[in-house]
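# Coordinate inspection notes
So you can see what is in the structure, the chains are spelled out below.
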Amino acid sequence: MIPAIVLRRISVVIFVLLSLTHFGLAQSAASSAAEKPAPKVTYLLVGRLFDATSDNVRENMVITVEDERIKSVASAADLKIPPGANVIDLSQQTVLPGLIDCHTHLGSRADRYYEIYKFKATPFDHAFSGVVNARKTLEAGFTSVRDVGSEPFLAVDLRNSINEGYLVGPRIVASGPGISITGGHGDLNNYSPQTRVMMFPEERDFGIADSADQIRHVIRAQEKYGVDVIKILATGGVLSRGDSPGAAQFTFRKAFQAGVKMAFGTDAGVYPHGDNAKQFFYMVKFGMTPSQAIRAATANAADLIGRSKDVGTIEAGKYADIIAVGADPMSDVRALEHVDFVMKGGVVYKDTRSSSHAGTN
Ligand SMILES: [Zn+2]
């Protein structure tokens, strides 16, 4: 028999423990509610808005950004901005969705795209280029890219470091090395059989495959290391000998006239990073209207890279990936070569609007 006094003590102890537990739970629930920060709300006053859902431009709009996403897009006449709110005045600008380049090589330097660098460049050189080029690309107004072909697995690591907030750059849909057959576009050709620069000979640098089994193996290996997309080099490439640049222009015009849906891709890396927007001029020159060219680099591009849920237009629910230019891109698409303002995921990465505009209101 346990004496009554001891039982009472035990029950007191148990009660105290239960109370402490309950108190602890209640306290942690209360503190987690208190710790959850209020959403950061920013209002963008927009002079001219091209949201890329159509070819229309709307004037005097307000985009409400909550944390990393767009909460609403409304006419300035219909939306009352609360006093003391965080406001960015883009009333002198044309505002568009962040641009998307579906074909980049962030790890490559256009000024080092000679074969000799296959022998001279180290994986570190490619990584350094990736860091620099990612920032250049974002500051040029490209808030998303599909990076299709780099050393294993540079694009994956760059994507992860940018997502983590450690590096500045666009959202990246990452591939590994392009996969081709022995002697194909991704292989080292025209050298003696003794010449080798493979980093991963057992995996043939994750880029050469000659049979269905080998292709399965390389694709599984790429998937294992975190790629989003597989690049297959089924034909020769732009760097192959004997190609005529004029032929590509002819093909573009014919395809566009035949109603082929176009998405924007520059091959930056072969072409200087940060100059991506120079391609708009050529798209317009070969038959597109400025708004069609811009939609190719926004809504259509998002569709092509499978990210329409998150990027490509300025609509409620999408990431607040928003750019602004001073001149009117609908009358001169080259305005996009001078992006003044870049927001990605609600964070401003660039704002070089002239102080006379930036400070007013
Ligand atoms: Zn390429």
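Note that the coordinates shown come from a computational prediction; the quantities given were computed from them, not determined experimentally.

Right, let's talk about the overall build of the protein for a bit. Helix and strand content of the protein: 10 helices and 10 strands. Evaluated residue by residue, the protein yields a buried proportion of 37% over its 361 residues.

Core analysis: the biggest nonpolar cluster contains 65 residues, and Leu 44, Ile 63, Ile 100 and Ala 301 have the highest contact counts within it. At 5 residues, helix α4 (residues 154–164) tops the list of elements feeding residues into this core. Shared between two domains, this core takes at least three residues from each, and those domains are domain 2 (41–98 + 312–351) and domain 3 (100–292). In this structure Leu 44 touches Val 62, Ile 63, Val 65, Ile 88, Leu 90, Val 95 and Ile 322, once residues within four positions along its chain are discounted.

A few words now on unusual backbone geometry. For the bond from Pro 152 to Phe 153, the omega torsion is -15°, close enough to zero to count as cis. Along the chain, Phe 153 falls in the loop between β6 (142–147) and α4. Here the phi dihedral of Asn 60 falls at roughly 50°; this positive angle occurs in a residue that is not glycine. Inspection of the secondary structure puts Asn 60 in strand β2 (residues 58–66). By the C-beta count within 10 Å, which is 13 here, Asn 60 ends up partly exposed. Positive phi, normally seen in glycine, also occurs at Phe 206, with a value near 55°. Turning to its location among the elements, Phe 206 is positioned in the loop between β7 (171–174) and α5 (212–224). Given 24 C-beta atoms within a 10 Å radius, Phe 206 is considered buried.

Next up on the list: the sheet that holds β7. Pairing in this open sheet of 3 strands is parallel, and the strands run β5-β6-β7 from one edge to the other. The sheet terminates laterally at β5 (99–104) and β7, the two strands that pair on one side only. Between one strand axis and the next, the sheet turns by 15° as a mean value, whatever way the strands run. Here β6 pairs with β7 via 4 bridges, running parallel. Note on β7: the bridge partner recorded for Ser 144 is Arg 171. Most of the contacts of α4 go to β7, to which it runs at about 155°, and overall it touches β6 and β7.

This brings us to the confidence of the model for the protein. Mean pLDDT over the protein works out to 88, with 85% of the residues at or above the 70 mark. This model gives residues 1–30 a pLDDT under 50, and the stretch forms 1 contact once residues within four places in sequence are excluded. Every residue in residues 356–361 is under pLDDT 50, and counting partners more than four places away or in other chains gives 5 contacts.

The 7 strands are arranged β3-β2-β1-β4-β8-β9-β10 in an open sheet whose pairing can be described as mixed. Strands with a single pairing partner mark the edges of an open sheet, and in this sheet they are β3 (69–75) and β10 (347–351). Averaged over neighbouring strand pairs, the angle between their axes works out to 30° when direction is ignored. The pairing of strand β1 (residues 41–49) with β2 spans 8 bridges and is antiparallel. Across the sheet, Val 46 pairs through a bridge with Met 61, a residue of β2.

Viewed as axis vectors pointing N to C, helix α3 (residues 123–139) and α4 meet at an angle of 45°, and their least axial separation amounts to 11 Å. Taken together, α3 and α4 sit at an angle that is classed as oblique. Crossing hand, α3 versus α4: right-handed. Across the interface between the two elements, His 126, Ala 127, Gly 130 and Ala 134 from α3 touch Leu 154, Leu 158 and Ile 162 from α4. Partitioned by chemical class, the residues of the contact of α3 with α4 number 5 nonpolar, 2 polar and no charged.

Moving on, we get to α4. Leu 154, Ala 155, Val 156, Asp 157, Leu 158, Arg 159 and Ile 162 are the residues of α4 that are buried. On its buried face, α4 sits against α3, β6 and β7. Gly 165, located one to two residues past α4, shows a positive phi value of around 90°.

Quick notes on the rules
- Residues numbered from 1 in each chain as written.
- Predicted model: local features only at pLDDT ≥ 70, side-chain atom pairs only at ≥ 80, totals over all residues.
- Helix = DSSP H or I, 4+ residues; strand = E, 2+ residues; numbered from the N terminus.
- Buried ≥ 20, exposed ≤ 12 C-beta atoms within 10 Å, placed from the backbone.
- Core = buried A, V, L, I, M, F, W, Y, C linked by C-beta atoms within 7 Å.
- Domains from an automatic or database assignment.
- Contact = placed C-beta atoms within 7 Å.
- Pairing = 2+ DSSP bridges.
- Axes fitted to C-alpha atoms, helices over the stretch in contact; angles between N-to-C directions.
- pLDDT = per-residue confidence, 0-100.
- Parallel < 35°, antiparallel > 145°, perpendicular 65-115°, else oblique.
- Left-handed = near helix turned anticlockwise from the far one by under 90°.
- Nonpolar A, V, L, I, M, F, W, Y, C, P; charged D, E, K, R; others polar.

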